[in-house]
Amino acid sequence: MYSIRFHLPILILTWLVVHSVLLWHYGIRTSLFDARVYVEEAAYLVEHGTLEDTYRIFYAVPIALLAVFRLLFAENIIPFLLFQCILSGMAAAALYQAAVNVFDNTRAGFFSAFIFLIWWDNIQWNTTTMTESLFQTFTCFVVYFLTLLKEGKRNYRMLILLQVVLILTRPTGIVIVISVLVSLTVDHLSVKRKPVIQTALIAGVLLVAGLVAGSLLHWDFTEEYRKGNIITYADQVEGTSLSYDIMRMDTSALGPVESSGSPIVNMISFIITNPVYIVKSGVLKIWFLISATRPYYSTLHNIYSIGWMTLIYALYFFGWKATTNQSIRLFSLTAIILNCLLVGVSSVDWDNRFYIPMAPGIILLAGGGAAWIRSFRFNV
């Protein structure tokens, strides 16, 4: 079995090549709409010592880090992007060790880290001033500590801290929090544990679910429903070369829904009144998400995306079969289900950024699947 010493130079070289190509191809990306927003929010924080809007608390970590780098490097954004790239390398290392912990196989670690580094859709966010890079990195750290919980209470504390950080990095951090809680709850209920711990975990799941209803879902998704948008803001490109019929649903047959003061009530009312519309649009959104395809991508791009995702899901299946680690299985499955449901009831993004919450769990098991196939094929 190959050692870490053999894998490390290959992974470091891969990290260097991937990020060199990213910087060469994209350059320094601060002109994207969201990228500009976070830079402006960091500038406001530096000037006023507070966030401009209350709801920005869900993005407080990246904004605060941008503000720190702004103070340290006189508004030069390159050090922050290098920081993200280095931190992403640490995330790859965390996935490597997590896979070794789960599969007891260094090849599983190598393949997990390698897939993480070459998965362009996810790794590309390291070179822009948005929240996706940090969110994915912190999620990888969560996965790592989830594989270490049997080794001591310190790892529980780190896991809790990381989940707080995730919620303050992106609102979808709640997907990871619930996934961890579900994983821990089922794991504790499957064996004889202290009733106090079991009750606390179940209460934690219910509390977090309540917080989701009270805070994360304060955005009124029914506005997108009424516009018929499958892809966010698709109505704004209507009549341009970027517009395709499949990006929007026909809204002429929608039933009337009275608007209330609660976005959650509005959403539930809309779903009950228009169930067929919700199912059809939800299936389309989830298909775009899990296939990584879009109608405005080239045919070649979409064929490549379907091929790549098919490979990843096949490896994930074999990895699932190859491990008996229920905590990682449940974490990954819960993250997939919750993320797909969240996209299904809202809208899918333009560039598949919304895939990131479920990517680390999938990558970990896919790496194990790749190692299992290789060992099975060559009987080594």
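As shown above, the structure is provided for reference.
Let me sum up the structure you'll find in this document. Please read these numbers as outputs of a predicted model, since none were measured by experiment.

Now for the environment of Ile 278. Tracing the backbone shows Ile 278 in helix α13 (residues 275–291). Ile 278 sits in the buried class, given a relative accessible area of 13%. Linking Ile 278 and Gly 344, residues 66 residues apart in sequence, is a C-alpha distance of 8.3 Å. Beyond its immediate stretch of four places on either side in the chain, Ile 278 contacts Tyr 225, Phe 270 and Ile 271.

Per the stated rule, a full pass over the model turns up 9 salt bridges. Its salt-bridge partner being Asp 235, residue Lys 227 comes within 3.9 Å of it at the nearest N-O pair. Taking relative accessible area as the criterion, Lys 227 reaches 25% and is therefore assigned partly exposed. In this structure, the salt-bridge partner of Asp 349 is Arg 294, at a minimum N-O distance of 3.9 Å. Within this pair, whereas Asp 349 is found in the loop between α15 (326–345) and α16 (359–378), its partner Arg 294 is found in the loop between α13 and α14 (299–322), the two being separated by 55 residues in sequence. By sharing partners, the salt bridges in this structure join Asp 34, Glu 132, Arg 170, Asp 351 and Arg 353 into a single network.

When the terminal C-alpha atoms of helix α4 (residues 78–103) are compared, their 37 Å separation across 26 residues agrees well with the 38 Å that a helix rising 1.5 Å per residue should span. Phi turns positive one or two residues past the end of α4, at Asp 104, with a value near 50°.

With that settled, consider the packing of aromatic side chains. Counted according to the given criterion, the structure contains 17 aromatic pairs. With centroids separated by 4.9 Å and ring planes inclined at 35°, the aromatic side chains of Tyr 225 and Phe 270 adopt a geometry described as tilted. Placement of Tyr 225 in helix α11 (residues 222–227) and of Phe 270 in helix α12 (residues 263–273) is noted, with a sequence separation of 45 residues between them. There is no split in this pair, since Tyr 225 and Phe 270 are both buried. Consider the rings of Tyr 316 and Trp 320, whose centres lie 6.2 Å apart with planes at 50°: the pair is tilted. On the criterion of helical spacing, the pair formed by Tyr 316 and Trp 320 is a turn pair, its members being 4 residues apart in helix α14. You can call Trp 320 partly exposed: its relative accessible area is 24%. Its end group placed over the ring of Tyr 26, Arg 29 keeps NZ or CZ at 3.9 Å from the ring centre. The ring of Trp 125 carries the charged tip of Arg 353 above its face, separated from the ring centre by 5.7 Å.

About the criteria used
- Residues numbered from 1 in each chain as written.
- Predicted model: local features only at pLDDT ≥ 70, side-chain atom pairs only at ≥ 80, totals over all residues.
- Heavy atoms only, no water.
- Helix = DSSP H or I, 4+ residues; strand = E, 2+ residues; numbered from the N terminus.
- Buried < 20%, exposed > 50% of the residue type's maximum accessible area, 1.4 Å probe, protein only.
- Contact = heavy atoms within 4.5 Å.
- Salt bridge = Lys/Arg side-chain N within 4 Å of Asp/Glu carboxyl O.
- Expected span 1.5 Å × (residues − 1).
- Phe/Tyr/Trp six-rings, centres within 6.5 Å; stacked < 30°, edge-to-face > 60°.
- Lys NZ or Arg CZ within 6 Å of the ring centre and 35° of its normal.

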